[in-house]
Amino acid sequence: MPQPSAQVTAAEISRIAGVTRATVSNWRRRHDDFPAPSGGTESSPLYDLVDVRAWLGTRGHTATADPAEELRTTLRLHPRGSGLTGRLLPLVLAAARCTPEERTDVAGLSDPSLIVRAEGASADLVDLVPEAEAVRFAGEDIGVLRALLHCVQDDGTGEAALAVLADRELEDSSTGGTYRTPAPLSDLLARLVPAPYARVLDPACGSGSLLAAAARQGATELYGQDSVVVQAQRSAVSLLLAAPDSDITVRTGDSLRSDAFGGVAVDAVLCNPPYGDRDWGHDELAYDARWAYGVPPRAESELAWVQHVLAHLVPGGHAVMLLPPATASRASGRRVRMDLVRSGAVRAVIALPPGAAAPLHVGLQIWVLQRPEPAGPERKSVLFVDTAEPAGAGDRVATASAATATGTRGTRSALDWDALTAAALGQWSAFTEAPDGFTDEPGTARAVPVVDLLDDQVDLTPARHVRASRTDIAPADLARETDEVRRRLVAGAASLGKAARYTDWSSAGPSPREWRTATAADLARGGALALLRTAPEGRESAVDTSAASRAVLTGTDIARGTAPSGAPGSLRTDSAPVIATGDVLVRALAGGNGAMARVTDEADAGALLGPQVHLFRPDPARLDPWFLAGFLGSAENIAAASTGSTTVHVSPGRLRVPLLPLEEQRRYGEAFRRVHRLRAEAARATELADETARLLAGGLTGGGLIPSPMPTRDSTAPDDGSA
């Protein structure tokens, strides 16, 4: 029986073949035998995947495909709803538990032997994966089995294969709105729970990232539930790999309607629940015992989740939740919020900047809750922290100025997770140590008495409560700060004008220049560069104590153009490469704003390479670093070498570089260096202009600054409106 085919777009063809989209367009124009569209529209055609693979195979392009993309492509050759992805999940666990040598041996098995091995592994581990069943594989499955094995071998942890399988299963279903909580945010939520804690529940566990973060903080009993079967299965496999020493229990089902852990009380709950779900069970759960703070209105599913997690805590236990901002202020939830605040269950609300987690355009909030204790201490205040608009915006400008002054980078677009985490944890720690003696930080953090919150709105939006008042800053200090930033703006504008004078470029002629290219993987095999990375986090080992004093250069540092800011403790491996001057760094996760590539200088030398960063070390006799960085970081190159949907990973070996003589590379390199300088100066000037305007407007409206008197005009001059 022939295998069912699937259709792919031109962008997907470029990822399969490891080329740019422009190359695919050239193939379509220049090769008469390129497969004809089999669907789609004239502007967005679709192509038969089997025909495309056959055409690429005759030209040897499939060898550059990323293993994760190869697995995704192979899965698409199987019919939707076949259940194949669910059957493969236990095999990811089995493959990831093997050593690289063992996986190599398995890959060398014949097709029949590999099928027998896969069926045996599935039977051995099926009890560990929710709703998984022992299965039999057929001959048409051999391609998927080998692609899965190759994918696990490539990343070493199994996470890439898990993501591909889950994405494929979700594509086949009608389920939407499933997003992975980013690792830095998961770690922040887990660290907000006062240590130590052992038993942790996530009633909407998704991919298991929050529970994995709890395990990194020392939790030993992990409980998870999710209504999406493949998400629960993915969570179970991921946790078994990330926390093999923990007691892990993951169940399927709707936690609100069918709680799999009824009666279980835990030390902590971490949860990123579904948002805006009007069909959460309002009518059937109207008399549920969990609604100790009032029946949640139909439009307040988030407040139903809040009370659900509180019901699972031991007295005094903490819950940390990621919620949309409307939960803090919607009129329909006022009564429930009032009882939550009055009882002392709400301890803190922390506002995050947009981009911290999906949906990326919304600034989400962290709620820290604590189940009241019988005869426990009275909780007189609630902490509000606003990390979305740090009070130290001027410090960010100073940092950008310093970076630009040293000939490097600068942008404010990417999130600085290290700074954000330090700010949130610092304020929370100070508040928990002395709630009644907490020192407010105008514009950033304020402890508000409970009685002041119990008004007609019970609005728990942090920005409303931390806002600096006109009396928080002395007028003289405000005037000095404003003038200092204004002076830096004038200097920054002058530097931008100087950088903008670069005109050493000209037209390429009637048509764009074309050149032969090679992948970074090919250049590495030829010795033109070395490709390095820090070992995956799942492979833990003791960190070399001699590296304890070294900073870590992170992807955020690349995007923001700042100095290495990570701490060595964030690396759970002793194999982090040491950065040298002239290295080219590329962020491993695409998306967001900010630079994708960076040429390291003397200030970066000696730092450790952070996770999710690829290091290209060129041979200076063959490759110019700035030339290499310019082409590696181009938007089209990054897009062609990226895979994934929610989290987009850059495959470093697939990035392409033009093959040019060294002297010509240096000309391009100098041009890229000047472009980088222009971008950095523009970002710095924009930052300074925004900060100057903010200080002036806030000072004038707040009463700290007043306009100077208008010059006296000659009364005999004609009133013609001129100055």
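Everything numeric in this text was worked out from a predicted model, so none of it was measured. (Residues numbered from 1 in each chain as written. Predicted model: local features only at pLDDT ≥ 70, side-chain atom pairs only at ≥ 80, totals over all residues. Heavy atoms only, no water.)

## A few points about the sheet that holds strand β3 (residues 45–48)
Line of reasoning, step 1. Across the sheet, which stays open at both edges, the three strands sit in the order β1-β3-β2 with antiparallel pairing between neighbours. Unpaired on one side and paired on the other, β1 (7–8) and β2 (39–40) mark the two borders of the sheet.
Line of reasoning, step 2. In terms of strand pairing, β2 meets β3 through two bridges, oriented antiparallel. Residue pairing across strands places Gly39 opposite Leu46, the latter belonging to β3. (Pairing = 2+ DSSP bridges. Helix = DSSP H or I, 4+ residues; strand = E, 2+ residues; numbered from the N terminus.)

## Looking at the pairing of strand β9 (residues 346–351)
Line of reasoning, step 1. Taken across its six residues, β9 has six buried, putting it largely inside the fold.
Line of reasoning, step 2. Bridge count for β9 against strand β10 (residues 365–370) is five bridges, and the pairing is antiparallel. Paired with Ala351 across the two strands is Gln365, which belongs to β10.
Line of reasoning, step 3. Alignment of β9 against strand β11 (residues 381–386), held across four bridges, turns out to be parallel. Paired with Val349 across the strands is Phe384, a residue of β11. (Buried < 20%, exposed > 50% of the residue type's maximum accessible area, 1.4 Å probe, protein only.)

## So, the packing of aromatic side chains
Line of reasoning, step 1. Applying the stated criterion across every chain, the model contains 13 aromatic pairs.
Line of reasoning, step 2. Ring geometry for Phe34 versus Tyr47: centroids 5.7 Å apart, planes at 80°, classification edge-to-face. Here Tyr47 lies in strand β3 and Phe34 lies in the loop between α2 (21–30) and β2, a separation of 13 residues in the sequence. Like Tyr47, Phe34 is buried.
Line of reasoning, step 3. Put simply, the rings of Trp515, Phe627, Phe631, Tyr668 and Phe672 pair up and form one aromatic cluster. (Phe/Tyr/Trp six-rings, centres within 6.5 Å; stacked < 30°, edge-to-face > 60°.)

## Some details on the sheet that holds strand β17 (residues 597–599)
Sheet strands pair by backbone hydrogen bonding; their relative direction is either parallel or antiparallel.
Line of reasoning, step 1. Strand order in this open sheet of four strands is β14-β19-β16-β17, and the pairing throughout is antiparallel. What marks the edges here is a single partner per strand, and that holds for β14 (529–533) and β17. Recorded for the sheet is a direction-independent mean angle of 20° between the axes of neighbouring strands.
Line of reasoning, step 2. Relative to the sheet, helix α22 (residues 625–632) contacts β14, β16 (584–587), β17 and β19 (613–618), its axis offset from that of β16 by approximately 10°. (Axes fitted to C-alpha atoms, helices over the stretch in contact; angles between N-to-C directions. Contact = heavy atoms within 4.5 Å.)

## Notes on unusual backbone geometry
Line of reasoning, step 1. Here the amide bond leading from Ala195 into Pro196 is cis, since omega sits at -5°, within 30 degrees of zero.
Line of reasoning, step 2. Of note, Pro196 is situated in the loop between α10 (183–191) and β4 (199–202).
Line of reasoning, step 3. For the peptide bond that leads from Ala358 to Pro359, omega is -5°, which places it in the cis range.
Line of reasoning, step 4. One can find Pro359 in the loop between β9 and β10.
Line of reasoning, step 5. One non-glycine residue, Val458, lies in positive phi territory at about 50°.
Line of reasoning, step 6. With respect to the helices, strands and loops of the structure, Val458 is situated in the loop between α17 (450–453) and α18 (462–466).

## Observations concerning the nonpolar core
Line of reasoning, step 1. If you look at the biggest cluster of nonpolar residues, it comprises 88 residues, and the most contacted ones within it are Leu88 and Ile366.
Line of reasoning, step 2. The biggest single contributor to this core is helix α5 (residues 84–97), with nine residues.
Line of reasoning, step 3. When residues no more than four places from it in sequence are discounted, the contact partners of Ile366 are Leu185, Leu188, Leu189, Leu192, Val320, Met321, Leu322, Ala348, Val349, Ile350 and Leu352. (Core = buried A, V, L, I, M, F, W, Y, C linked by side-chain atoms within 4.5 Å.)

## Brief notes about the pattern of salt bridges
Line of reasoning, step 1. Applying the stated rule across the entire model yields 31 salt bridges.
Line of reasoning, step 2. Measuring nitrogen to oxygen at the nearest pair gives 2.2 Å for the salt bridge that ties Asp522 to Arg525. Residue Asp522 and its partner Arg525 are located together in helix α20 (residues 520–525), separated by three residues, close to a single helical turn.
Line of reasoning, step 3. Among the residues examined, Asp522 registers a relative accessible area of 34% and is labelled partly exposed.
Line of reasoning, step 4. A residue is classified by how much of its surface remains accessible, and Arg525, at 64% relative accessible area, is exposed.
Line of reasoning, step 5. Between Arg684 and Glu681 there is a salt bridge, and its shortest N-O distance comes to 3.8 Å. Within this pair, Arg684 and its partner Glu681 are both found in helix α24 (residues 662–702), separated by three residues, close to a single helical turn.
Line of reasoning, step 6. Among the residues examined, Arg684 registers a relative accessible area of 12% and is labelled buried.
Line of reasoning, step 7. Salt bridges sharing partners connect three or more residues here, namely Asp254, Arg257, Asp279 and Glu284. (Salt bridge = Lys/Arg side-chain N within 4 Å of Asp/Glu carboxyl O.)

## Remarks on the pairing of strand β5 (residues 221–226)
Line of reasoning, step 1. By the criterion of burial, β5 is predominantly enclosed, with five of the six residues buried.
Line of reasoning, step 2. Note: β4 against β5, four bridges, orientation parallel. Along β5, the bridge assignment pairs Asp202 with Gly224.
Line of reasoning, step 3. With helix α11 (residues 209–216) bridging β4 and the parallel β5, this β-α-β connection has right-handed handedness.
Line of reasoning, step 4. Summarising the sheet, β5 and strand β6 (residues 247–252) pair through six bridges and their orientation is parallel. Within the sheet, the bridge partner assigned to Gln225 lies in β6 and is Arg251.
Line of reasoning, step 5. On the question of chirality, the crossover connecting β5 to the parallel β6 by way of helix α12 (residues 229–242) is right-handed. (Right-handed = clockwise from strand over helix to strand, strands pointing away.)

## Here's the deal with the packing of helix α7 (residues 111–125) against helix α8 (residues 142–155)
Line of reasoning, step 1. Here α7 crosses α8 at 70°, and the two axes come no closer than 10 Å. Between α7 and α8, the angle falls in the class roughly perpendicular. Contact residues: α7 offers Asp111, Leu114, Ile115 and Ala118, while α8 offers Ile142, Leu145 and Arg146.
Line of reasoning, step 2. When grouped by side-chain class, the residues that make up the contact of α7 with α8 number five nonpolar, no polar and two charged. (Parallel < 35°, antiparallel > 145°, perpendicular 65-115°, else oblique. Nonpolar A, V, L, I, M, F, W, Y, C, P; charged D, E, K, R; others polar.)

## A look at helix α16 (residues 417–433)
Line of reasoning, step 1. With 17 residues, α16 extends 24 Å between its outermost C-alpha atoms, agreeing within 8% with the 24 Å of an ideal straight helix rising 1.5 Å per residue.
Line of reasoning, step 2. Those residues of α16 not exposed but buried are Trp417, Leu420, Thr421, Ala424, Leu425, Gln427, Trp428 and Phe431. In a view along the axis of α16, the buried residues occupy a sector of 160°, so they form one face of it. Exposed and oriented more than 90 degrees from the buried face of α16 are Ala422 and Glu433. (Expected span 1.5 Å × (residues − 1). Arc of directions from axis to C-beta.)

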